[in-house]
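# Overview (structure and organization)
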Amino acid sequence: MERFDGRRVIITGAGSGIGQATVLRILAEGGRVAAFDVNEEGLTETAERAGSAGHADRLTTAVMDVADEDAVRAGVADAVRGPGGLDALVNAAGILRSAHTHETTLEFWNTVLRVNLTGTFLVTREALPALLESGRGVVVNFSSTSASFAHPYMAAYAASKGGIQSFTHVLASEYAKQGLRAVAVAPGSISSGMTTGRGPGLPEDADMGLFAKLAPAIGKGFAGPETVAGVVAMLASDDGAFVTGTELRIDGGTHM
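## Describing the overall build of the protein
- For the protein, the helix and strand inventory stands at six helices and seven strands.
- What you see in the protein, going N to C, is helices and strands ordered as β-α-β-α-β-α-β-α-β-α-β-α-β.
- Against the 2.2 N^0.38 benchmark of 18 Å for 256 residues, the protein shows a C-alpha radius of gyration of 17 Å, consistent with a compact globule.
- Counting only C-alpha atoms and orienting by the principal axes, one finds that the protein spans roughly 50 × 35 × 35 Å.
- Across the 256 residues of the protein, 51% fall into the buried class.
- Total accessible area on the protein stands at roughly 11500 Å², and carbon and sulfur atoms take up 53% of it.
- In the protein, which carries 20 positive and 28 negative side-chain charges, the distance between the mean positions of the two groups comes to 6 Å.

See below:
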C-alpha cells in the first residue's frame, strides 16, 4: 500500500512505543515524516529502524518538548518548511503517571496535563495553518480508554485524556468546512513503553484486583504498538475520509 505517497506527516512521541510504530508504518506506506520526541536516544533508534527498512530518505528527526511553546513553534515551522507543507499530524506524545488521588501533588497533576493536554494543543495550534492550507489535513490525537472508563490511580492521566477527546471534537467542528478532519484514538491493553513492568509506576500498595477487568476479550493478551499504528494510518489516510469528530477505541474488547 502507498496510501501516504506524497503526503507530509508530523508525528510526536516518535522515539518509542506507538509513536515509533506509527512512524515506521507511515514511512512504509510512502509518507514523508518529521518525527519528534523529547528522548534523543529513542529518535536515534527510530531512525535506525527506518534506515534498515530503506526509508531513511523520507524521515527527519528532532528533539522537542511538546509542552515548550517556543520549541514547538520552531520545530513545527521547520517540519513544515522542509517539504513545503503538511497533510497530517499525529499527536502521540504523552506520559503515564499513577498515584493515589489523595496523594497527588499539584506539581504531579500539572506535569501530566502539561505534556499530554497542553502539548497536544500547542503542536496542533502551530500545525493548523499548514494543515488547513493542504485542503485535506488530518489530526489524529491520542486519548485513552482511561478517558471514559475508571482506571484507578490515574486521575491526572484520565483527566488529560478526557480533555484531548473534547479538544478533538472542537477541532473537527470548528474546521470541518475548511476540509480538516480530527479524530482521536483511545488505546487500551496495549503493550508499549508506558505499560511495561508492574504498570505505569503504580503505588506500592495498589490493589491489583481493581485492574482485573482490563484483560482483553480477544487475542492472547496485550497487543503490540503496531496494532494501534495500523489504525492511525487508516484514519490519517483517505480510507478514513468519512471519519471525523469522534474517537475510536482500540482495546481488544476490554471495555465491551
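So much for the structure itself; the text now carries on.
## Points about the side chain of N116
- By the element assignment, N116 lies in helix α4 (residues 106–134).
- Side-chain polar atoms of N116 contact the side chain of S160, separated by 3.1 Å.

## Some thoughts on the pairing of strand β4 (residues 88–91)
- Burial along β4 is two-sided: A88 and V90 facing one way and L89 and N91 facing the other are all buried.
- As paired strands, strand β1 (residues 8–12) and β4 are joined by four bridges and run parallel to one another. Directly across from T12, in β4, lies its bridge partner N91.
- As judged from the four bridges shared by β4 and strand β5 (residues 138–142), these two strands associate in the parallel manner.

## Comments concerning α4
- Between its first and last C-alpha, α4 extends 40 Å over 29 residues, near the 42 Å set by a 1.5 Å rise per residue.
- Immediately beyond the C-terminal end of α4, within one or two residues, lies G135, with a positive phi of roughly 85 degrees.

## Section: the packing of aromatic side chains
- If you walk through the whole model with that rule in mind, you get one aromatic pair.
- Taken together, a centroid distance of 6.3 Å and an interplanar angle of 75 degrees make the contact between F121 and F167 edge-to-face. Taken together, the residues span a long stretch of sequence, with F121 in helix α4 and F167 in helix α5 (residues 155–175) at a distance of 46 residues.
- Under the relative-accessibility criterion, F167 is labelled buried at 19%.

## Considering the pattern of salt bridges
- Under the definition given, this model contains 13 salt bridges.
- Between R114 and D65 there is a salt bridge, and its shortest N-O distance comes to 3.3 Å. Of the two residues, R114 sits in helix α4 while D65 sits in the loop between β3 (59–63) and α3 (69–81), which places them 49 residues apart along the sequence.
- For the salt bridge of R125 with E69, the shortest nitrogen-to-oxygen distance reads 2.7 Å. Of this pair, R125 sits in helix α4 while E69 sits in helix α3, placing them 56 residues apart in sequence.
- Relative accessible area serves as the criterion here: at 31%, R125 is assigned to the partly exposed category.
- One network of salt bridges, with partners in common, ties together E69, D70, R73, R125 and E126.

## Let's talk about the confidence of the model for the protein
- Per-residue confidence for the protein gives a mean pLDDT of 92; residues scoring 70 or more make up 93%.
- Confidence drops under a pLDDT of 50 for residues 194–199, and excluding neighbours within four residues, the segment shows ten contacts in the predicted structure.

## Points about unusual backbone geometry
- With a phi close to 70 degrees, Y153 is a non-glycine residue in the positive phi region.
- Within the secondary structure, Y153 sits in the loop between β5 and α5.
- With relative accessibility at 14%, the residue Y153 sits in the buried group.

## Remarks on the sheet that holds strand β6 (residues 181–187)
- Strand order in the open sheet formed by seven strands is β3-β2-β1-β4-β5-β6-β7, and the pairing between neighbours is parallel. Sheet topology places β3 and β7 (246–250) at the edges, where each strand pairs with a single neighbour. If you compare each strand with its neighbour and ignore which way they point, the axes differ by 15 degrees on average.
- Pairing between β5 and β6: five bridges, direction parallel. When the sheet's bridge partners are listed, F142 is paired in β6 with V185.
- Packing against the sheet, helix α1 (residues 17–28) makes contact with β1, β2 (32–37), β3, β4, β5 and β6, and its axis sits at approximately 165 degrees to β1.
- Packed onto the sheet, α5 meets β5, β6 and β7 and runs at close to 165 degrees relative to β5.

What counts and what doesn't
- Residues numbered from 1 in each chain as written.
- Predicted model: local features only at pLDDT ≥ 70, side-chain atom pairs only at ≥ 80, totals over all residues.
- Heavy atoms only, no water.
- Helix = DSSP H or I, 4+ residues; strand = E, 2+ residues; numbered from the N terminus.
- Rg over C-alpha atoms; globule rule 2.2 N^0.38 Å.
- Buried < 20%, exposed > 50% of the residue type's maximum accessible area, 1.4 Å probe, protein only.
- Areas by Shrake-Rupley, 256 points an atom, 1.4 Å probe, with all protein chains shown as cover.
- Lys, Arg positive; Asp, Glu negative; His and termini not counted.
- Charge placed at Lys NZ, Arg CZ, Asp CG, Glu CD.
- Polar contact = N/O pair within 3.5 Å; in protein donor to acceptor, adjacent residues only side chain to side chain.
- Pairing = 2+ DSSP bridges.
- Expected span 1.5 Å × (residues − 1).
- Phe/Tyr/Trp six-rings, centres within 6.5 Å; stacked < 30°, edge-to-face > 60°.
- Salt bridge = Lys/Arg side-chain N within 4 Å of Asp/Glu carboxyl O.
- pLDDT = per-residue confidence, 0-100.
- Contact = heavy atoms within 4.5 Å.
- Axes fitted to C-alpha atoms, helices over the stretch in contact; angles between N-to-C directions.

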